[in-house]
Amino acid sequence: IVSAKDRMNNTLPGGYRDIMLHIQHPNKSISEVQFNTKPMMKAKMGNGHKKYEQSREITGRETAGFKLTPKETQTRNTLDKESEAIYGKAWADSQ
């Protein structure tokens, strides 16, 4: 195991949760394994991951040094709130 992340207890922005392992194979390639609950996977395969990708794209522009427009900032904030609602419900359904 190269790395392990407990994102069940250390929730990602947007509310997504999982446990993630990176495993190095004898040929030095690395695989990622995620452990999750059924409701969380259902949310991810629905609109959850799409909203994350859209938000990440905006954040990537900012990280690259571009100044975000007010509309981009508002869009990202809306996406993050919607994602938190989706994953918050999935987590509640997982209990």
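Everything here concerns the structure above.
Note that the structure is predicted; figures quoted are calculated from it, not measured. (Residues numbered from 1 in each chain as written. Predicted model: local features only at pLDDT ≥ 70, side-chain atom pairs only at ≥ 80, totals over all residues. Heavy atoms only, no water.)

Q: I tried to follow the sheet that holds strand 2 (residues 19–24) on my own but got confused; where do I start?
A: To summarise the sheet geometry, strands pair through backbone hydrogen bonds and adopt either a parallel or an antiparallel arrangement. Spatially, three strands are ordered 1-2-3 in an open sheet, and the strand pairing comes out antiparallel. Edge positions in the open sheet fall to strand 1 (3–6) and strand 3 (30–35), since each of these has one partner strand only. The sheet shows a mean angle of 15 degrees between the axes of neighbouring strands, taken without regard to direction. Relative to strand 3, strand 2 runs antiparallel, the two being bridged by six bridges. Considered in strand 3, the bridge of Gln-24 is made with Ile-30. (Pairing = 2+ DSSP bridges. Helix = DSSP H or I, 4+ residues; strand = E, 2+ residues; numbered from the N terminus. Axes fitted to C-alpha atoms, helices over the stretch in contact; angles between N-to-C directions.)

Q: Is there a simple way to think about the pairing of strand 2 in this case?
A: On any regular strand, side chains alternate: one points to one face of the sheet, the next to the other face. Alignment of strand 1 against strand 2, held across four bridges, turns out to be antiparallel. The partner of Lys-5 across the bridge, within strand 2, is Met-20. Between the antiparallel neighbours strand 2 and strand 3 lie five residues, among them Lys-28 with a positive phi of about 80 degrees.

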